[in-house]
Amino acid sequence: MKKIRTIIFVALLIGILFGISGVINHVYLKKSNMVTGREENLAGLQKEEDNTIDLLVLGDSESYTSISTMMLWKEDGISSYIGAQSGQQIQETYYMLKQALQTQKPKLVMLETHVLFRDNAGMDAYRSVMEENAMYHFSVFRYHNIWKRLLSSNIGDDRQFFKGFRVRDSVAPYDGGDYMQETTVKKQMTGFVKNYLQQIIDICKENDIPILFYSAPSPVNYNYQKHNTLIEYTENAGIPYVDLNMMTSELGIDWTKDTLDHGDHLNIYGAQKVTKYMRKYLEENYNLPDHRGQQKYKDWDVLEDQYEKRLLTLKV
Amino acid sequence: MDKLLEILNEIDDSIDYEAEQALIDDQILDSFGVITLVSEIEEAYDIELEAACIVPENFNSTQAMWAMIQKKIEEK
Amino acid sequence: MAYHTTLFLFVFLPLALICYHFAPQKWRGYVLIGFSYLFFWMNSKELLAYLIGTTLLTHHIGIWLDGLTIKEANAEAEEKKQIKKQRKRVLLLGIVILLGVLISMKYQNFIGLNASRVAEHFSIRYSFDPVAIVLPLGISFYTLQAIGYMVDVYWKKIEADYSLEKTALFLSFFPQIMEGPICRYSDTADTLYKKSPLKLENLQHGSLRIVWGLFKKIVIADRLAVVVKTVFDSYADYHGIIIVVAALAYTIQLYMEFSGAIDMVIGTGVMFGVKLPENFRQPFFAENASGFWRRWHITLGVWFKEYIFYPVSVSKIVKKWNRYGRKNVGKYWTKIVTSAVALFPVWLCNGIWHGPRWSYIFYGMYYFTLIMIGILLEPIRKKVLQTLHINPKQLWYRALQFVKLMVIVITGELFFRADSLRIGVRMFRSIFQDFQPSILFDGNLLNLGIDNLDFMVILVGCMIVLLVDLMKEKKVALTEKLEHWRLPIRWSVYYGLILAVIIFGAYGEGYQVIDLIYAGF
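Residues numbered from 1 in each chain as written. Chains lettered and ligands numbered in written order. Predicted model: local features only at pLDDT ≥ 70, side-chain atom pairs only at ≥ 80, totals over all residues.

## A word on helix α19 (residues 452–473) of chain C
Because an α-helix completes one turn every 3.6 residues, residues spaced three or four positions apart along the sequence face the same direction. All names here are of chain C. Compared with the 32 Å implied by 1.5 Å per residue over 22 residues, the 31 Å span of α19 between its first and last C-alpha is a close match. Residues of α19 that are buried: Asp-454, Val-457, Ile-458, Gly-461 and Val-465. Along the axis of α19, the buried positions cluster into a sector of 100 degrees, meaning they face one direction only. Seen from the open side of α19, the exposed residues pointing more than 90 degrees away from its buried face are Met-456, Leu-459, Met-463, Leu-467 and Leu-470. Check the buried side of α19 and you find it contacts α10 (200–233) and α21 (487–504). Lys-475, located one to two residues past α19, shows a positive phi value of around 60 degrees. (Helix = DSSP H or I, 4+ residues; strand = E, 2+ residues; numbered from the N terminus. Expected span 1.5 Å × (residues − 1). Buried ≥ 20, exposed ≤ 12 C-beta atoms within 10 Å, placed from the backbone. Arc of directions from axis to C-beta. Contact = placed C-beta atoms within 7 Å.)

The following block contains the structure:
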């Protein structure tokens, strides 16, 4: 009797947590700006209408500072979304993809490769996996601080959220010169990273989604050793790979103007150059549909308008 | 026994020593009370109480104290 | 890995429980030792050797002492004296080795640096290079337990332990290795060695206690930690009432965090059917400073009382003084001197035990001074109360005592938390510079790293803890009472507590995981 009661107690507890998580996912996250900060892009997925995103970009801050979703929309009508967190770890990439696939059927997944070189290993990595797993199934753990937003009055401030892309216009030049000096040395990925990367690739395969690796230009985060590793990995796995660090002059990156923080991230000017190149690449290699003018995508135009206005305020 | 009660009452006369069974455990006697008590008992009965004797069981009640004193006198 | 981490609560502890449950009874002790050593290893790696070394030494000294005791009982009078001396030497050997290891690891740099400072003062050529030392987990706690055990065997309070398994269990039991409570052998060794099977009831009670501890730690303490860190890290930017707020915040943080951690520790013990001693008894309801210390970190205070205070107060020299003093200077002064002599080492050790810093020594001396003043003024206080017909149990008098105690404790914790004694003094003095209570209400508090909603949570959380502590003080058996409530109400309380921790916990984005403070001592 006591045993049964305990089981009921635990089951009910799980039910309550599940219920609260459901309410958070399906009611609160649908409203605007309930979550800001690191999990903004993950929470923002809930706001997207089902099956409207064609291009899903995954990665850390290198991804949301390099691909302008609004430019892709304006020029080609590609609906893209950046599923990134600052300092994203590979297991977070994995759960970001799983979360996205719950409501979306992307036609292409692009992975910014900097996440592959985090030193995830050991006890901490597995602890984080456990926590990510719990947060994935019970979002109350991830978004528990939402009660503050519910109680405070400043809900609905008009922060602009451009499908995961962040407009940043400050400039802090990089003057370190050439950072891609050829070598045969390789910077290894940890076994933990490889394991999760394989799972990500497998999920894409199961869902018939092609995957594309790219490396955003970043003197601070990239070098030839990483390039070697990525070339080897993508060749073995048969995955297309674009290393933009190898073609910064072709892109027209000007390190005195196009970086936000001395070559760590690109600013809006750098992002525009990268996106311009990637547009062409996507056009040549993938047949992503043009959604402009479609009823379902009306709010994309509104957002794009705001984006243009935001660009006009830039210092240039 | 009377001598012991006399000593105890001198330390604090608001306590009903003959009834209390947990003088230490209930913190009726604090550590300063205990050390005063020890030196008074030593003088009154001409015995020596070492650190090992100072356990709650020996000081929780007058009976316990009395038993300890008897034992020490015998050992002398 | 500490007790409030997900790794411990959702992996380590369940695994330990499962293995313990399914192991045959006679292997359970080894399962516990195995998990305890694993816990130690995960925190301190190869420094586990220190714990094992201490265990072997303690075990051996115990048996050695016991052997001599038996020999003593059968010996002639002349031989007896010899053996007595020998027993003392054996005990001293054990204590010297254990304290030697503790001192050389924990205080080496402190002693060396201060020695070189003194040398410099006398222009002696001596320089000391501090060495980077990583302390084994819980060395300050298990060393005291080991010494307590040896002394108890020496005093014949307990019999020596002939089972190495039992000694190892007593010293390493993972719930208490990290920050106490400091257990007596007679408190825990037997129940640990019983290896009784898990009981559903124990698991329930234990979990409830753990969740309660988590509530104090994650909901209240970790929020306050932000405020405390903000002010103490850039102390030069703050003065006046903000310093008082920070010291108060730290006092509450420390209480919630330490007593919360102990709740988790005791709860974990309960799960295994082990009753660990309580470490807190509503300290802020004490009447005065010494009363506070009988209710705060109780097991440390008890240890000092048993192994320092009493031995010093019944030592030959103090006894001699007692006899001399009573004849020549009267009872009052005899008591004052005796108390001072016995209390000084207690408070010196209390200060130093927390770590090799002058501010901790100051902290110990601060309480020594206050308690001595209390003893000095005791007759006057009694007289005043008598002549004015004041009943010390009256509410206004208790309230006055409470305010006085809070001032004492908060001032003490200010020095305790400050990064050095010099900074502590500076912060204390800056309280009186431009002291404006109005700052409390003009929004300045919201610049300390947390917002008004956080303050609300802290406030409500503290009220709940206060309510529970009040009931404990009134000796209401809360958990038992809860069990007699109707099921829906009871379950609502449990669910409410769990959800409060999950929703209002200061974890995840925007907060940092805060290490256990006392694990650092």
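After presenting the structure, the write-up continues.
## Examining the domain arrangement of chain C
Residue and element names in this part refer to chain C. Taken as a whole, chain C is organised into domain 1 (6–197), domain 2 (199–286 + 424–521) and domain 3 (288–391). A straight line from the C-alpha centre of domain 1 to that of domain 3 covers 28 Å. Listed by partner, the interface residues are 13 residues for domain 1 and six residues for domain 3. For the side of domain 1 that touches domain 3, the elements supplying multiple residues, two or more each, are α5 (108–121) and α6 (139–154). Broken down by element, the side of domain 1 that touches domain 3 gets its largest block of residues, five residues, from α6. Grouping the constituent residues of the side of domain 1 that touches domain 3 by class yields eight nonpolar, four polar and one charged. (Domains from an automatic or database assignment. Nonpolar A, V, L, I, M, F, W, Y, C, P; charged D, E, K, R; others polar.)

## A word on the nonpolar core
In terms of nonpolar packing, the biggest core is built from 135 residues, with C:Met150, C:Ile177, C:Leu224, C:Val227, C:Val228 and C:Ala246 touching the most fellow members. In terms of residue count, the dominant contributor to this core is helix α11 (residues 241–271) of chain C (18 residues). Setting aside residues up to four positions removed in sequence, C:Met150 forms contacts with C:Thr58, C:Ile61, C:Gly62, C:Leu91, C:Gly94 and C:Ile95. If you look at the next biggest cluster of nonpolar residues, it comprises 66 residues, including A:Leu58, A:Leu72, A:Tyr136 and A:Phe165. (Core = buried A, V, L, I, M, F, W, Y, C linked by C-beta atoms within 7 Å.)

## What about the pairing of strand β3 (residues 108–112) of chain A?
All names here are of chain A. Counting buried positions over the five residues of β3 gives five, a clear majority of the element. Relative to β3, strand β1 (residues 55–59) runs parallel, the two being bridged by four bridges. By the bridge assignment, Leu-55 is partnered in β3 with Leu-108. The sheet contact formed by β3 and strand β4 (residues 211–215) spans four bridges and is parallel. Among the inter-strand pairings, Val-109 is bridged to a residue of β4, identified as Ile-211. (Pairing = 2+ DSSP bridges.)

## Re the confidence of the model for chain B
With 99% of its residues at a pLDDT of at least 70, chain B reaches an overall mean of 83. Helix α1 (residues 2–11) of chain B is the least confidently modelled element of chain B, averaging 82 in pLDDT, while helix α4 (residues 62–75) of chain B averages 87, the highest of any element. (pLDDT = per-residue confidence, 0-100.)

## What about helix α4 (residues 77–106) of chain C?
All names here are of chain C. Here α4 is 30 residues long and its end C-alpha atoms lie 43 Å apart, about the 44 Å a rise of 1.5 Å per residue gives. For α4, the set of buried residues is Arg-87, Val-90, Leu-91, Gly-94, Leu-98, Leu-102 and Lys-106. Those residues of α4 that are buried are in contact with α3 (48–73) and α6.

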